[in-house]
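Coordinates in review
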Amino acid sequence: MKRERRLFLWMIAGWVLASVLTNRAFLSGLVNVAVLSEMIGNRCGNLCGESRYGWIRLVLLRVLQTGVLAGICAGRFAKAGVRAVLFLIGACASATLVILTWTRGAGGLLLFLCAAFPQDLFYLAAWFLLIAESVEYPYPLPRPYRRRIWLIAGMLCAAGIWAELVIGNRILKIF
């Protein structure tokens, strides 16, 4: 349990640092909030499946992310790689929340919780399963267990893709 707490702290550190830096960039005028909001809106529209090409890109992006994480977890430097990935997960979530809050106010918080949270539950569950397998069991597991972990992680990733394409897309159309 102590190891999981330490890993969770890396994600919290990424969250806090990205929140502070993103707010600082907006307050100083370094980043124009309106332009950034428009860019994110256009990018989300392109990825969320307004066209078949956008759906394929989204599926490939999420499969690639999960594959890269699996490669990091299976690699020689898994401990440092896992910490860096957890830090980046926290930083990305925090930056998204800050940007949505700056551009849409309290509605941005609601948008973050409704549009980003459902698929992230599945993605994070799949990624944390891969991370736990690599960190908790540094020695190779027997093949049947490893196959089950990969199968479960793949199913969770597929469920996240479905949630992002169906649920997230419908919620984004409302907002």
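Counting restarts for each chain, with residues numbered from 1 along the sequence as it is written. It should be noted that, the model being predicted, local features are given only for residues of pLDDT at least 70 and side-chain atom pairs only at 80 or more, the latter also being counted only at that level, while totals for whole chains, interfaces and linings use all residues. The basis for every side-chain value is the complete set of non-hydrogen atoms in the structure, without hydrogens or water.

1. Here's the deal with the packing of helix α3 (residues 52-74) against helix α4 (residues 78-104)
At their nearest, the axes of α3 and α4 sit 7 Å apart, and the two run at 145° to each other. On α4, the residues touching L69, I72 and C73 of α3 are A78, G81, V82 and V85. Polarity classes work like this: nonpolar for Ala, Val, Leu, Ile, Met, Phe, Trp, Tyr, Cys and Pro, charged for Asp, Glu, Lys and Arg, and polar for all others, with Gly in that last group. Residue composition of the contact of α3 with α4, by class: six nonpolar, one polar and no charged. Axis lines are fitted to C-alpha atoms, over the contacting stretch for helices. Their N-to-C directions set the angle, which ranges from 0 to 180 degrees. Helix and strand labels come from DSSP, where a helix needs a run of H or I of at least four residues and a strand needs a run of E of at least two; each type is numbered from the N terminus. The contact criterion used throughout is that any non-hydrogen atoms of two residues lie within 4.5 Å.

2. A word on the confidence of the model for the protein chain
Residue-level pLDDT values for the protein chain average 77, and 83% of them are 70 or greater. Per-element averaging of pLDDT across the protein chain places helix α2 (residues 33-47) at the bottom with 64 and α4 at the top with 82. Each residue gets a pLDDT score, which is the predictor's confidence in that residue and runs from 0 to 100.

3. As for the environment of V59
When you line up the elements, V59 lands in helix α3. Taking the relative accessible area as the measure of exposure, V59 reaches 30% and is therefore partly exposed. The sequence separation of V59 and G160 amounts to 101 residues, and the corresponding C-alpha distance is 9.9 Å. Contact partners of V59, with chain neighbours within four places excluded, come to I161 and L165. Relative accessible area decides the class of each residue, using a 1.4 Å probe on protein chains only: under 20% of the type maximum gives buried, over 50% gives exposed, and in between gives partly exposed.

4. Here's the deal with the nonpolar core
To qualify as a nonpolar core, a set must consist of buried Ala, Val, Leu, Ile, Met, Phe, Trp, Tyr and Cys residues joined through side-chain atoms within 4.5 Å. Of all hydrophobic cores here, the largest spans 20 residues; its most connected members are L69, V82, L86, W127, L130 and I131. In this view, I131 contacts L7, L69, C73, V82 and L86; residues no more than four positions away in its chain are not counted. Within the second largest apolar cluster, seven residues are counted, among which are L97, L111, F112 and I171.

5. Quick look at the side chain of E164
As for its placement among the helices and strands, E164 is situated in helix α6 (residues 143-174). Think of a polar contact as two N or O atoms within 3.5 Å of one another; within protein, one of them needs to be a possible hydrogen donor and the other a possible acceptor, and neighboring residues in sequence only count if both atoms come from side chains. Separated by 2.8 Å, the side chains of E164 and R62 make a polar contact. Dropping the residues within four chain positions of it, E164 is found in contact with L58, R62, Q119, Y123 and N169.

6. Some remarks on a nonpolar patch on the surface
Patches were defined on residues exceeding 30% relative accessible area and lacking a salt bridge, with like-charge contacts within 9 Å and nonpolar side-chain contacts (Val, Leu, Ile, Met, Phe, Trp, Tyr) within 5 Å. Working definition of accessibility: Shrake-Rupley area with a 1.4 Å probe, residue cover restricted to the visible protein chains. Only one rule defines a salt bridge in this text: a Lys or Arg side-chain nitrogen within 4 Å of an Asp or Glu carboxyl oxygen. On the surface, a nonpolar cluster with roughly 550 Å² of combined accessible area is contributed by F8, L9, I12, W15, V16 and V20. Tracing the chain through its elements places V16 in helix α1 (residues 2-27).

7. Observations regarding the side chain of R62
Position of R62 among the secondary structure elements: in helix α3. At 3.1 Å, the side chain of R62 forms a polar contact with the side chain of Q65.

8. Details of α4
Note: α-helices contain 3.6 residues per turn, so residues at a spacing of three or four share the same orientation. Between the first and last residue of a helix there are one fewer steps than residues, each counted as 1.5 Å, and that sum is the expected span. Counted at 1.5 Å a residue, the expected span for α4 with its 27 residues is 39 Å, and the 38 Å between its end C-alpha atoms agrees. Looking at the residues trailing α4, positive phi occurs at G105, about 70°.

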